[in-house]
Amino acid sequence: MIAPDPKLMRLALQTAKNHQTPFGAVIAMGDQPFVSAGNLVSSTSDPTAHAAMVAIRQMADHLQKTDLAGYHLYTTCEPCPMCMGAAIWANLDAVIYGCPIEDAGNMVPQINLHADTIASKSFREIQVVGGLLKDECIDLLRELRSGKT
């Protein structure tokens, strides 16, 4: 069982702010962050450039392998089905998120399917922990919606 690290979620929040998006992600092992990424969809022509996807791609490129066992993904918002699927395919040990999909969906379009539901149907075990720094993550979504980021 992972003990979620608020410091890593704060790094995901800062990364999101740096990219002027509410979506930030960090991949870490223990308390050591390795990559961080923001959502790049609005600045690229890639609709799959969600923060979690970008972070997973960067980590796999860094390691030169697709098996990311031993690593954890921190995301400011609960992963969408695409990102959660990628976390499973990458064999990450855990996904830790701040803002639940319902709260994110109240402010930006989302597919309302929970990460733990996807994990429960998976062929791999992956731990899902939600609500880490939830209020700070929701505040970032609100700032984006009001145009303050």
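The present account deals with the structure reproduced in this document. Predicted model, so just to flag it, every value in this text is computed and none were measured. (Residues numbered from 1 in each chain as written. Predicted model: local features only at pLDDT ≥ 70, side-chain atom pairs only at ≥ 80, totals over all residues. Heavy atoms only, no water.)

## With respect to the nonpolar core
Part 1 of the argument: By size, the foremost hydrophobic cluster in this structure holds 52 residues, and its most contacted members are Ile56, Leu73 and Leu92.
Part 2 of the argument: With seven residues, helix α2 (residues 51-63) is the single largest residue contributor to this core.
Part 3 of the argument: Leaving out residues up to four positions away in the same chain, leucine 92 has contacts with Ile56, Leu68, Tyr71, His72, Leu73, Ala87, Glu125 and Ile126. (Core = buried A, V, L, I, M, F, W, Y, C linked by side-chain atoms within 4.5 Å. Buried < 20%, exposed > 50% of the residue type's maximum accessible area, 1.4 Å probe, protein only. Helix = DSSP H or I, 4+ residues; strand = E, 2+ residues; numbered from the N terminus. Contact = heavy atoms within 4.5 Å.)

## Thoughts on the pairing of strand β2 (residues 32-38)
Part 1 of the argument: Here strand β1 (residues 24-29) pairs with β2 via six bridges, running antiparallel. Pairing of methionine 29 across the sheet is with glutamine 32, part of β2.
Part 2 of the argument: Taken together, β1 and the strand that follows it, β2, pair antiparallel across an intervening segment of two residues, in which glycine 30 is found at a positive phi of about 60°. (Pairing = 2+ DSSP bridges.)

## Some thoughts on helix α3 (residues 81-89)
Part 1 of the argument: Within α3, burial applies to Cys83, Met84, Gly85, Ala86, Ala87 and Ile88.
Part 2 of the argument: On its buried face, α3 sits against α2, β3 (72-77), β4 (94-99), α5 (115-120) and β5 (127-129).
Part 3 of the argument: Of the residues flanking the end of α3, it is asparagine 91, one or two places downstream, whose phi is positive at about 65°.

## Examining helix α1 (residues 6-18)
Part 1 of the argument: Look at α1: 18 Å from first C-alpha to last across 13 residues, which is about the 18 Å you get at 1.5 Å a residue.
Part 2 of the argument: Those residues of α1 not exposed but buried are Leu8, Met9, Ala12, Leu13, Thr15 and Ala16. Down the axis of α1, the smallest arc covering the buried residues is 160°, so these residues share one side.
Part 3 of the argument: Between the side-chain oxygen of the N-cap and the backbone nitrogen of lysine 7 there are 2.9 Å, and the N-cap of α1 in question is aspartate 5. (Expected span 1.5 Å × (residues − 1). Arc of directions from axis to C-beta. Polar contact = N/O pair within 3.5 Å; in protein donor to acceptor, adjacent residues only side chain to side chain.)

## Side note on the pattern of salt bridges
Part 1 of the argument: Evaluation of the coordinates by the stated rule reveals four salt bridges.
Part 2 of the argument: Between aspartate 46 and arginine 57 there is a salt bridge, and its shortest N-O distance comes to 3.4 Å. Placement of the pair is aspartate 46 in the loop between β2 and α2 and arginine 57 in helix α2, with a sequence separation of eleven residues.
Part 3 of the argument: By relative accessible area, aspartate 46 is classed as partly exposed at 27%.
Part 4 of the argument: Between aspartate 139 and arginine 142 there is a salt bridge; the shortest N-O distance is 3.4 Å. Placement of both aspartate 139 and arginine 142 in helix α6 (residues 134-146) is noted, with a separation of three residues, approximately one turn of the helix.
Part 5 of the argument: Classification of aspartate 139 by relative accessible area gives partly exposed; the value is 38%. (Salt bridge = Lys/Arg side-chain N within 4 Å of Asp/Glu carboxyl O.)

## Side note on the packing of aromatic side chains
Part 1 of the argument: For the structure shown, the criterion picks out two aromatic pairs.
Part 2 of the argument: Plain terms: the ring middles of phenylalanine 34 and tyrosine 71 are 5.5 Å apart, the flat faces sit at 80° to each other, and that makes the pair edge-to-face. On the criterion of sequence distance, the pair formed by phenylalanine 34 in strand β2 and tyrosine 71 in the loop between α2 and β3 is long-range, its members being 37 residues apart.
Part 3 of the argument: Residue classification places tyrosine 71 among the buried residues on the basis of a relative accessible area of 9%.
Part 4 of the argument: Ring plane angle 55° and centroid distance 4.9 Å describe the contact between tryptophan 89 and phenylalanine 123, whose orientation is recorded as tilted. A residue pair is termed long-range when its members are at least 10 positions apart, and tryptophan 89 in helix α3 and phenylalanine 123 in the loop between α5 and β5 qualify at 34 residues. No difference in accessibility class separates tryptophan 89 from phenylalanine 123, as the two residues are exposed. (Phe/Tyr/Trp six-rings, centres within 6.5 Å; stacked < 30°, edge-to-face > 60°.)

## A few points about the sheet that holds β5
Part 1 of the argument: Reading across from one edge, β2-β1-β3-β4-β5 is the order of the five strands in this open sheet, with mixed pairing throughout. Only two strands of the sheet have a single partner each, and these edge strands are β2 and β5. Strand-to-strand, the axes of this sheet are offset by a mean angle of 20°, without reference to chain direction.
Part 2 of the argument: Bridging between β4 and β5 involves three bridges; their strand directions are parallel. Bridge assignment links alanine 94 to a residue of β5, and that residue is glutamine 127.
Part 3 of the argument: Running at roughly 130° to β2, α2 makes contact with β1, β2 and β3 of the sheet. (Axes fitted to C-alpha atoms, helices over the stretch in contact; angles between N-to-C directions.)

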